[in-house]
Amino acid sequence: MAIRLNDSYTKGLISDGDLEKISAEVSAADDVLRSGTGAGSDFLGWLTLPSDYDRDEFSRIKAAAQKIKASCDVFIVIGIGGSYLGARAAIEFVKSPLYNNIKKDTPDIYFAGNNISSQSLSELLSICEGRDVCINVISKSGTTTEPAVAFRIFREYLEKRYGADGSKERIFVTTDKCRGTLKAFSDKRGYETFVVPDNIGGRYSVLTAVGLLPIAVAGIDIDSMMSGALDASRDLTDKDISLNPSYRYAALRNILYRKGRSVEILVGYEPSLLLFNEWWKQLYGESEGKDGKGLYPSSVIFSTDLHSLGQYIQQGTRNIFETVINVRRSSYEVTVPNDSENIDGLNFLSGKTLEYVNHTAMNATLIAHNDGNVPNIVIDLDDLSAYSFGYAVYFFELACAVSGYVLGVNPFDQPGVEAYKKNMFALLGKPGYEEMGDSLRARIR
């Protein structure tokens, strides 16, 4: 398997009896998931996606990516939540957090429509000046405020620069297959469209056109990525939590939650994992945080955050545990040079690679935090390749679904997200929300 799980740093808090007790619950959750009889079963398309994805659309994604790479210097991806986090996570995971700054033969890629900041959008527009631009708007309905506003502004920008016909060749839309205002508008304007599947929720959608078009534009091998997901879907089928690391992860986190560990910190030792951690936070936070239940998902990048949050993790409130992603192999080798004067006292590191020093820091931290009564689950990942990304995505999606059913929630809905949207519509004066708006304004202090 491309992922292995080490739970030896949980032994002080989790017993064999705990694991034996929860095994039946995990097995039952697997039955519910794979039979499609559980809550949210209309959104299980991700489960078989690696083997039954639309090959024709996959080919169109590759062709569109080639067209974008040939005609654009800047590619703007417009979306929020699952409509952008997965793609951005993949680009930083496989390429680099400095993707836009490194030498490459692919366009710079920026993300818009995930906030309502005038400064952020103005800066993006200024980056586009004097450079050829394409955009990809990603929205199931086309009416979500943040991406809809950004699309309106960038569409106007492109039409002023290239005209209506010219801009048509630079706008790519990922939306519902046949319904919604954005689909109707795109068909009217003649934009090329890709599908947000009906049976896959946004946070599970990175391996659909939602994520794959931006990922392909970055020059990442999406065939290899889908191969990783396919292998994960075949490897991770055993109900036995001693043989299935995805299910064991789901079991461990539920045991720890029941023992009062209500915060899970996802730890990476590579900056390339920063946005992957953000994708993970949405996946688990939106899937499990409901009905007054759920672990709070947090994340850090070590050793950076050891100098800001390390003290709290070591000696703060004992309501936390860590899940550590250990990338076993780096793509680069940097060796610490010898300093004849040894002014920093670090000649004991001379000749050692930074990868070795980084893994040593991880092992030292695992021991220290475990001694501080913080359980740690270690997930070993082979490397930061496209294949490993696809494998890791499926691993965490599967664990999330099973974990949600063990927790007793629907892991595929997000009813709480609508609350702020309705309030915002009312306060901004959207037709039909007038009375609600008056009531809310009276509450603003």
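Below: a short report on this structure.

On a plain count of helices and strands, the chain comes out with 16 helices and ten strands. A globule of 445 residues ought to have a C-alpha radius of gyration of about 22 Å, and the chain, at 23 Å, matches this closely. Taking the principal axes of the C-alpha coordinates as reference, the chain spans close to 65 × 60 × 55 Å. Across the 445 residues in the chain, those meeting the buried criterion constitute 50%. Counting only carbon and sulfur atoms, one obtains 50% of the accessible surface of the chain, whose full area is about 19900 Å². Positive and negative side-chain charges in the chain, numbering 47 and 57 respectively, have mean positions lying 5 Å apart.

Quick look at unusual backbone geometry now. Omega for the bond connecting Phe302 with Ser303 falls within 30 degrees of zero, at 10 degrees, which places this linkage in the cis form. Residue position: Ser303 is located in the loop between strand E8 (296-301) and helix H12 (310-315). The backbone of Asp291 sits at a positive phi, close to 60 degrees, despite the residue not being glycine. Turning to its location among the elements, Asp291 is positioned in the loop between helix H11 (274-288) and E8. With a phi close to 70 degrees, Asn373 is a non-glycine residue in the positive phi region. Relative to the assigned elements, Asn373 resides in the loop between helix H13 (354-371) and strand E10 (376-381).

Here we come to the sheet that holds strand E1 (residues 3-6). Read from one edge of the open sheet, five strands run E1-E10-E9-E7-E8, paired in mixed fashion. Strands at the two margins of the open sheet, each flanked by one partner only, are E1 and E8. The average angle at which neighbouring strand axes cross in this sheet is 20 degrees, direction not considered. Where E1 meets E10, four bridges bridge the pair, whose relative direction is antiparallel. Counted as the bridge partner of Ile3 is Leu381 from E10.

With that settled, consider the sheet that holds strand E5 (residues 171-175). Adjacent strands of a sheet form backbone hydrogen bonds with each other and so pair up, either parallel or antiparallel. Ordered by their spatial adjacency, five strands build an open sheet running E3-E2-E4-E5-E6, and the pairing between neighbours is parallel. The sheet terminates laterally at strand E3 (108-112) and strand E6 (192-195), the two strands that pair on one side only. Sheet twist, expressed as the average angle between the axes of neighbouring strands with direction ignored, equals 20 degrees. Of the pairings in the sheet, the one linking strand E2 (residues 74-78) to strand E4 (residues 133-138) comprises five bridges and is parallel in character. Bridge pairing links Val77 to Asn136 in E4. Against the sheet, helix H7 (residues 181-189) touches E4, E5 and E6, its axis set at about 150 degrees to E5.

One way to see where empty space is left: roll a probe the size of a water molecule over the atoms. Here the structure, examined in full by the defined rule, presents two cavities of 30 Å³ or more. Residue lining of the largest cavity: Tyr269, Glu270, Ile325, Asn326, Val327, Asn358, His359 and Met362, and that is the complete set. When the residues that make up the lining of the largest cavity are grouped by side-chain class, the tally is four nonpolar, three polar and one charged. Roughly 40 Å³ of volume is contained in the second largest cavity.

It is a general feature of regular strands that their side chains alternate between the two faces of the sheet. Counting buried positions over the eight residues of strand E9 (residues 320-327) gives eight, a clear majority of the element. Here E9 shows a buried face lined by Ile320, Glu322, Val324 and Asn326 and a second buried face lined by Phe321, Thr323, Ile325 and Val327. Pairing of strand E7 (residues 263-268) with E9, which is carried by six bridges, proceeds in the parallel orientation. Directly across from Val263, in E9, lies its bridge partner Ile320. Pairing of E9 with E10, which is carried by six bridges, proceeds in the parallel orientation. Looking at E10, one finds that Ile325 is bridged to Ile379. Running through H13, the crossover from E9 to the neighbouring parallel element E10 is right-handed.

The next point concerns the packing of helix H10 (residues 245-258) against helix H14 (residues 386-407). Relative to each other, H10 and H14 sit at 40 degrees, their axes nearing to 8 Å. Considering the angle they form, H10 stands oblique to H14. Crossing angle aside, the handedness with which H10 passes H14 is right-handed. Contacts between H10 and H14 involve Pro245, Ser246, Tyr247, Tyr249, Ala250, Arg253, Asn254, Tyr257 and Arg258 on the former and, on the latter, Phe395, Phe396, Leu398, Ala399, Val402, Ser403, Val406 and Leu407. Residues of the contact of H10 with H14, tallied by class, amount to twelve nonpolar, three polar and two charged.

Conventions and cut-offs
- Residues numbered from 1 in each chain as written.
- Predicted model: local features only at pLDDT ≥ 70, side-chain atom pairs only at ≥ 80, totals over all residues.
- Heavy atoms only, no water.
- Helix = DSSP H or I, 4+ residues; strand = E, 2+ residues; numbered from the N terminus.
- Rg over C-alpha atoms; globule rule 2.2 N^0.38 Å.
- Buried < 20%, exposed > 50% of the residue type's maximum accessible area, 1.4 Å probe, protein only.
- Areas by Shrake-Rupley, 256 points an atom, 1.4 Å probe, with all protein chains shown as cover.
- Lys, Arg positive; Asp, Glu negative; His and termini not counted.
- Charge placed at Lys NZ, Arg CZ, Asp CG, Glu CD.
- Pairing = 2+ DSSP bridges.
- Axes fitted to C-alpha atoms, helices over the stretch in contact; angles between N-to-C directions.
- Contact = heavy atoms within 4.5 Å.
- 1 Å grid on protein atoms, 1.4 Å probe; cavity = no way out; pocket = protein on both sides within 12 Å on 5 of 7 lines; lining within 4 Å.
- Points joined across faces, edges and corners; volume = space filled by probe spheres on them.
- Nonpolar A, V, L, I, M, F, W, Y, C, P; charged D, E, K, R; others polar.
- Right-handed = clockwise from strand over helix to strand, strands pointing away.
- Parallel < 35°, antiparallel > 145°, perpendicular 65-115°, else oblique.
- Left-handed = near helix turned anticlockwise from the far one by under 90°.

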